[in-house]
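Notes for the structure review
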Amino acid sequence: MQSLPGRDLRTTIALWHVGHLSSWDLPPIAELLLHDHESPNLVLLAMEDGKSPGLHELFERCLRDIGEPAMEAEELERLVLWHYGRELASGRPDTWALMDKAFRFCEDRPMRTAESKELAGLIESYQHSLWVLEGLSDPPAAALEEQRLKTVKAFGEWEASKRI
């Protein structure tokens, strides 16, 4: 792992809080954090193989050790949605898997802010478009790719509109 899964520590923590990172993601995160922080718990976590029980509790201790503040619900929501918005805009080949994770996140909770509601609406509309295509007995590959490219473009436009 060269970088944090969420591009920054707060986004990575948000993804972890909502269950979008697994135990085996935590040791490489600890290794990266050891470059800037000293903590016996980080050392322990960095040496783990990701299979041991209790890694999530150990990660919580690591976050306390390095002084990471608790995350409010609005911050968590914003960071997770922005993460998926940026990832969808990037044109990654796994667009549909990302869309599914983002949609499940939106579906599981009420959105608290106008910005989150806007992005959740965009995610939901493109997820529904995919479901229509998947409802066909044998969706043409070209139609799926066209819809994927439309999705990437829409999220790219969304991201560009939010830049300061």
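Residues numbered from 1 in each chain as written. Predicted model: local features only at pLDDT ≥ 70, side-chain atom pairs only at ≥ 80, totals over all residues. Heavy atoms only, no water.

When helices and strands are counted, the chain shows eight helices and zero strands. On the principal axes, the C-alpha backbone points of the chain span a range of 55 × 35 × 25 Å. When each of the 164 residues of the chain is scored for burial, the buried share is 43%. The contacts of the chain with a sequence gap of at least 6 include a subset with a gap of at least 24, amounting to 68%. Here the chain has roughly 9100 Å² of accessible surface; of this, 52% comes from carbon and sulfur atoms. In the chain, 18 side chains carry a positive charge and 29 a negative one; their mean positions are 3 Å apart. (Helix = DSSP H or I, 4+ residues; strand = E, 2+ residues; numbered from the N terminus. Buried < 20%, exposed > 50% of the residue type's maximum accessible area, 1.4 Å probe, protein only. Contact = heavy atoms within 4.5 Å. Areas by Shrake-Rupley, 256 points an atom, 1.4 Å probe, with all protein chains shown as cover. Lys, Arg positive; Asp, Glu negative; His and termini not counted. Charge placed at Lys NZ, Arg CZ, Asp CG, Glu CD.)

What follows deals with helix α7 (residues 114–134). The first and last C-alpha atoms of α7 sit 30 Å apart over 21 residues, in line with the 30 Å expected at 1.5 Å per residue. For α7, the complete set of buried residues consists of Ser 116, Leu 119, Ala 120, Leu 122, Ile 123, Tyr 126, Gln 127, Leu 130 and Leu 133. The buried residues of α7 occupy an angular sector of 155° when projected down its axis, which confines them to one face. Across from the buried face of α7, at angles greater than 90 degrees, the exposed residues are Ala 114 and Val 132. (Expected span 1.5 Å × (residues − 1). Arc of directions from axis to C-beta.)

All right, on to the pattern of salt bridges then. Two side chains of opposite charge can pair, provided their charged atoms sit close to one another. Going through the model one piece at a time under the given rule, you end up with ten salt bridges. Notably, a salt bridge pairs Glu 87 with Arg 7, separated by 3.5 Å at the nearest N-O pair. Taken as a pair, Glu 87 in helix α5 (residues 73–89) and Arg 7 in the segment before α1 (9–17) lie far apart in primary sequence, 80 residues in all. Residue Glu 87 is classed as buried on the basis of its relative accessible area, which comes to 9%. Ionic pairing is found between Arg 10 and Glu 75, a salt bridge with its closest N-O pair at 2.8 Å. Placement of the pair is Arg 10 in helix α1 and Glu 75 in helix α5, with a sequence separation of 65 residues. With relative accessibility at 17%, the residue Arg 10 sits in the buried group. (Salt bridge = Lys/Arg side-chain N within 4 Å of Asp/Glu carboxyl O.)

As a further point, take the environment of Arg 86. With respect to the secondary-structure elements, Arg 86 resides in helix α5. When its relative accessible area of 16% is taken as the criterion, Arg 86 is described as buried. In the structure, Arg 86 is positioned 23 residues away from Arg 109 in sequence and 20 Å away in space, judged by C-alpha atoms. The residues contacting Arg 86, other than those within four sequence positions of it, are Gly 6, Arg 7, Thr 11, Trp 158 and Glu 159.

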